[in-house]
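Structure assessment
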Amino acid sequence: MPDLVADNIEKQLGTAQVLCGVSFQLQQREILALLGPSGSGKTTLLRSVAGLERPDAGKIELRGKIVFDAGSGFEIPAEQRGLGLVFQSYAIWPHRSVFENVAYGLRLRRARETDIQKRVGEVLERLGLGHLGDRYAHQLSGGQQQRVALARAMVYNPPVLLLDEPLSNLDAKLREDARAWLREIIKQTETSALYVTHDQTEALAIADRILVLDRGRIQQEGPPEQIYAHPASRFAAEFMGSNNRLDGTLAEVVGNRARLTGEGWSLWGELRAEKKAQDAATGLVRVERLRLTDNAGTNHLKMKLRSALYLGERWEYVFYLAGLRIRVWGEERLAEGEYWVSFPETSLWIF
Ligand SMILES: Nc1ncnc2c1ncn2[C@@H]1O[C@H](COP(=O)(O)OP(=O)(O)O)[C@@H](O)[C@H]1O
Ligand SMILES: [Mg+2]
């Protein structure tokens, strides 16, 4: 049985149709990322599951029990759904101790004092906060506050964790550390998690499966590798990874291959949309798929090096050919001049 089933959720806010029939399942012990740009409806969907927002249509089940059904008007209130919530703003009390922040929910539920001591102690220990119980929350670093927010969500042993951009208040370096740590912790506790983020790298790193959301609709769902390597739409292709974009015209279409042309260039790629010869089209290719090569050849373009940026673990070159601007990654400093850039046909997706 899945931990969570959302069936055909619709929600209008003001005049905007924010969710347009969203369905998904969260399996036991699974981390499911809900990935989409700002305004795509992620928070609204998460809040609907939590019971903080009432959908206009649809049904929600938690571990086989209906908690919301628009059809019959049935609804279990948020506090009785027992879900663990972590928000972007950690919503912790700065002038209470770490222990009291985490214990608050248990006190509200009138748990016994010995139970509270035991459960809060355990969760603080598990999240590496054992030595900070007496510290005031405002005395903690951002990363530690984030852990307190997570401890507070986990202290009930909730069946499902709901996390809304939980790392977005941390600076880039902390965030990288925190996502690995967070995935470990969720896996250790054997809970399942619905993880909302607009950050594709974070979704790829943390999730077992990703739902790509665009304007209130699920565009694609699948494991991270599949979403990244086989995007189903131009939206999904452009949203993930670091891309080069080539606008042009289709000169030939042969089955699922097509030749895209522009001023002074012509490249074969995989046709991923319903298009025919003479149609305008856009090619997309991940930056890491491009290579410099020594010779002319099919799908090689001779391009002029415009700039080279040193990024530490690699170089990023910018090449031009008439109106075409292409980024390529490489390992060494390049002298000024012209270079052959190779565009592998199966990596150039034409929409
Ligand atoms: N209370 C509201 N009234 C009207 N529109 C809203 C309200 N809350 C959110 N929206 C709109 O709903 C859309 C989705 O919002 P949200 O679920 O917060 O997206 P996300 O979390 O993906 O950024 C946005 O376009 C937002 O402007
Ligand atoms: Mg949001």
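Residues numbered from 1 in each chain as written. Chains lettered and ligands numbered in written order. Predicted model: local features only at pLDDT ≥ 70, side-chain atom pairs only at ≥ 80, totals over all residues.

Summarising the sheet, strand β3 (residues 31-35) and strand β10 (residues 209-214) pair through four bridges and their orientation is parallel. Across the sheet, residue Leu 32 finds its bridge partner in β10, namely Arg 209. As paired elements, β10 and strand β11 (residues 217-222) share five bridges and run antiparallel to each other. Looking at β11, one finds that Val 212 is bridged to Gln 220. The loop that links β10 with its antiparallel partner β11 comprises two residues; one of these, Arg 215, has a positive phi angle of about 45°. (Pairing = 2+ DSSP bridges. Helix = DSSP H or I, 4+ residues; strand = E, 2+ residues; numbered from the N terminus.)

Bringing helix α3 (residues 98-108) into the picture now. For α3, the set of buried residues is Val 98, Phe 99, Asn 101, Val 102 and Ala 103. Close packing links the buried residues of α3 with α4 (113-126) and α5 (142-154). Directly after α3, the chain includes Arg 110, whose backbone phi takes a positive value near 55°. (Buried ≥ 20, exposed ≤ 12 C-beta atoms within 10 Å, placed from the backbone. Contact = placed C-beta atoms within 7 Å.)

Moving on, we get to the packing of α3 against α5. Helix packing for two helices is described by the angle between their axes and how far apart those axes are. Relative to each other, α3 and α5 sit at 30°, their axes nearing to 8 Å. Here α3 lies roughly parallel to α5, going by the angle between them. Crossing geometry of α3 relative to α5 is assigned as right-handed. Residues Val 98, Asn 101, Val 102 and Gly 105 of α3 lie in contact with α5, whose contacting residues are Val 148, Ala 151 and Arg 152. (Axes fitted to C-alpha atoms, helices over the stretch in contact; angles between N-to-C directions. Parallel < 35°, antiparallel > 145°, perpendicular 65-115°, else oblique. Left-handed = near helix turned anticlockwise from the far one by under 90°.)

This next bit is on the domain arrangement of the protein chain. One can read the domain layout of the protein chain as domain 1 (4-237) and domain 2 (242-350). Summarising the inter-unit geometry, the C-alpha centres of domain 1 and domain 2 are found 39 Å apart. (Domains from an automatic or database assignment.)

Taken together, Leu 13, Gly 14, Ala 16, Val 18, Gly 36, Ser 38, Gly 39, Ser 40, Gly 41, Lys 42, Thr 43 and Thr 44 make up all the residues around ligand 1. Taken together, the elements giving at least two residues each to the shell around ligand 1 come down to β2 (16-26) and α1 (42-50). Counted by class, the shell around ligand 1 contains three nonpolar, eight polar and one charged residues. (Near = placed C-beta within 6 Å. Nonpolar A, V, L, I, M, F, W, Y, C, P; charged D, E, K, R; others polar.)

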